[in-house]
Amino acid sequence: MSGKRLTTHEELHGLQSDVFQYFLDEVNPANGLIRDKTAKDWPSSITATGFALTAYPIAVERGFITRDLAIERTLTTLRFFWKSPQGPEADATGYKGFYYHFLDMNTGRRVWNCEISTVDTAFLLAGMLTVGLYFDRDTEDEREIRWLSDELYRRVDWQWAQNKGDTVCHGWKPESSFLEFRWGGYNEALLVYMLGLGSPTFPLTEKSYEAWTSTYEWKDLYGLEHLYAGSLFIHQLSHVWVDFRQIQDAFMREKGIDYFENSRRATYVQQQYAMINPLGFTGYSSCCWGITASDGPGPATLIIDGIERQFYDYLARSIPNGPDDGTIAPWAALASLPFAPEIVLPVLDHYSYTLGLRQRYGFKSTFNHTFPEQEKGYDYWLAPYHFGLNLGPIFLMAENHCTGFLWNLMKKSPYLVNGLRRAGFAGGWLG
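Residues numbered from 1 in each chain as written. Predicted model: local features only at pLDDT ≥ 70, side-chain atom pairs only at ≥ 80, totals over all residues. Heavy atoms only, no water.

How should I be thinking about the sheet that holds strand β6 (residues 171–173) in this particular structure?
Either a parallel or an antiparallel arrangement is found when strands of a sheet pair, and the pairing is made through backbone hydrogen bonds. If you walk across this open sheet you meet the three strands as β5-β6-β7, and the pairing is antiparallel. The sheet is open, and its two edges are formed by β5 (116–117) and β7 (177–178), each paired on a single side. As judged from the two bridges shared by β6 and β7, these two strands associate in the antiparallel manner. Each residue of the ladder has a partner; that of W172, found in β7, is F178. (Pairing = 2+ DSSP bridges. Helix = DSSP H or I, 4+ residues; strand = E, 2+ residues; numbered from the N terminus.)

What follows is the structure, encoded as structure tokens:
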């Protein structure tokens with residue numbers, strides 16, 4: 001970007017407009033599925049599709065699309081998931097109300113031998129609930145949106161996903177049944193438990209949430225005590241739909257903070273790590289940080305300035321103990337905007353003006369100043385693709401920061417409110 005500096009409002013509005021274009025372009029209009037990333041013949045991810053559903057109401061409010069187009073896109077998506085095959089067959093779209101992580105863009109069937117994903121289904125369901133709340137007019141199309149949204153949520157069998165245990169399993173495959181791992185430790189499954197506990201049909205058991213929080217790890221990093229998770233996305237994704245300000249569960253009541261404050265501290269920890277830069281990567285600074293699950297330049301091992309460096313491809317990068325290979329994800333910093341705008345907005349300026357990274361769809365997923373690669377005017381590695389998973393949180397968290405529109409809308413969801421209360425949350429807007 002060049003020329004006159006924009007106001008913060010103008011900059012964020014422009015960024016949202018650029019990012020939303022991904023969901024307009026990278027779609028199959030026949031079924032509403034959103035492409036996972038901008039690689040040729042790449043499949044859809046149900047998380048990206050959930051982000052698109054969530055984004056449509058905001059795009060209407062911001063004037064990016066008409067209400068009629070949003071209704072058309074929404075109905076196409078919901079009808080597809082309602083009618084798509086649910087069953088134990090290996091080529092279905094879902095099972096027990098859950099869905100496979102990746103779906104063929106054209107057929108809507110499972111690809112890559114992937115798993116039924118409990119967490120990705122939760123992100124998709126959150127998008128479905130969002131549109132069910134927003135489209136509230138007494139018209140045939142909007143009544144159908146509300147009905148489909150409700151029925152798709154109610155048919156999910158959360159108890160099946162517990163597989164006779166207290167916590168929720170990561171997923172299931174028809175070839176081998178449930179995956180080995182369960183959701184333990186603080187992670188993005190916070191939304192899984194909220195939606196699972198709130199179900200009126202097949203809810204998670206009372207003990208599930210307590211069993212999950214018993215695996216939490218509290219840490220002091222750089223003088224900031226917080227509920228630990230090393231990848232920044234963990235502190236963000238559930239917050240896309242839930243305003244955790246001043247509401248607390250038993251764990252947070254004991255610690256004297258809430259999950260919003262916890263994410264604020266985790267955001268500052270990320271900045272502090274970049275400023276200390278213990279591994280000496282190029283470019284890290286107070287205005288250049290964002291370490292999370294992301295794409296990368298590897299796999300490769302290179303000698304750079306006499307130091308052997310190992311680089312990874314897609315990996316859950318983490319601080320303070322790694323893995324860290326110098327790869328920064330712009331979206332990871334920008335999705336923390338509601339928590340700490342005072343340190344995030346300078347990052348946005350740095351990426352936009354100093355580094356000149358703004359382009360189609362806002363920002364590509366990652367870059368690495370330490371990895372030497374000349375491409376399109378850059379003398380460092382820049383990810384070749386955009387990801388729906390990365391762009392959705394930028395768009396939605398910018399809106400939460402600017403207007404609180406999505407948070408306020410989701411406060412009207414009886415299912416979400418019930419899930420929060422069953423998990424022991426009280427105070428603040430919960431009353």
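I keep staring at the packing of aromatic side chains and nothing clicks. Help me out?
Taken as a whole and assessed by the stated rule, the structure comprises 44 aromatic pairs. Relative to F23, the ring of Y22 has its centre 5.6 Å away and its plane inclined at 80 degrees; by these criteria the two rings are edge-to-face. For the ring pair Y22 and Y361, a centre distance of 5.2 Å and an interplane angle of 75 degrees mean the geometry is edge-to-face. Linking Y22 in helix α1 (residues 8–25) with Y361 in the loop between α12 (341–354) and β15 (367–368), this pair joins segments that are 339 residues apart in sequence. As far as the burial class goes, Y22 and Y361 line up, both buried. Between K219 and the ring centre of Y228, over which it is positioned, the NZ or CZ distance is 4.0 Å. (Phe/Tyr/Trp six-rings, centres within 6.5 Å; stacked < 30°, edge-to-face > 60°. Buried < 20%, exposed > 50% of the residue type's maximum accessible area, 1.4 Å probe, protein only. Lys NZ or Arg CZ within 6 Å of the ring centre and 35° of its normal.)

Would you take a moment to explain the sheet that holds strand β14 (residues 327–328) for this structure?
Across the sheet, which stays open at both edges, the three strands sit in the order β14-β15-β16 with antiparallel pairing between neighbours. Edge positions in the sheet fall to β14 and β16 (381–382), since each of these pairs with one other strand and no more. Across two bridges, β15 lies against β16 in antiparallel orientation. The partner of F367 across the bridge, within β16, is L382.

Even after reading the chapter, I still don't get the state of the cysteines, so can you show me in this structure?
When the sulfur atoms of two cysteines share a covalent bond, that bond is a disulfide. Summed over the entire model, instances satisfying the criterion amount to zero disulfides. In this structure C287 is not part of a disulfide, and its nearest cysteine sulfur, from C288, lies 8.5 Å away. (Disulfide = S-S within 2.5 Å.)

Just to check I follow, could you spell out the packing of α1 against helix α2 (residues 46–62) for this structure?
The packing of two helices is summarised by the inter-axis angle and the distance between the axes. Interaxial distance between α1 and α2 falls to 10 Å at its minimum, and their mutual angle equals 135 degrees. Considering their axes alone, α1 and α2 lie oblique with respect to each other. Crossing hand, α1 versus α2: left-handed. Along its contact with α1, which presents H13, Q16, F20 and F23, the element α2 presents A48, F51, A52, A55, Y56, I58, A59 and R62. Looking at the contact of α1 with α2 residue by residue, the class counts come to nine nonpolar, two polar and one charged. (Axes fitted to C-alpha atoms, helices over the stretch in contact; angles between N-to-C directions. Parallel < 35°, antiparallel > 145°, perpendicular 65-115°, else oblique. Left-handed = near helix turned anticlockwise from the far one by under 90°. Contact = heavy atoms within 4.5 Å. Nonpolar A, V, L, I, M, F, W, Y, C, P; charged D, E, K, R; others polar.)

Explain the pairing of strand β8 (residues 218–221) here, please?
Moving residue by residue along a regular strand, the side chains alternate between the two faces of the sheet. As paired strands, β8 and strand β9 (residues 224–227) are joined by four bridges and run antiparallel to one another. Note that in β9 the partner of K219 across the bridge is H226. Hairpin connection, β8 to β9: the antiparallel pair is bridged by two residues, and Y222 has positive phi, about 55 degrees.

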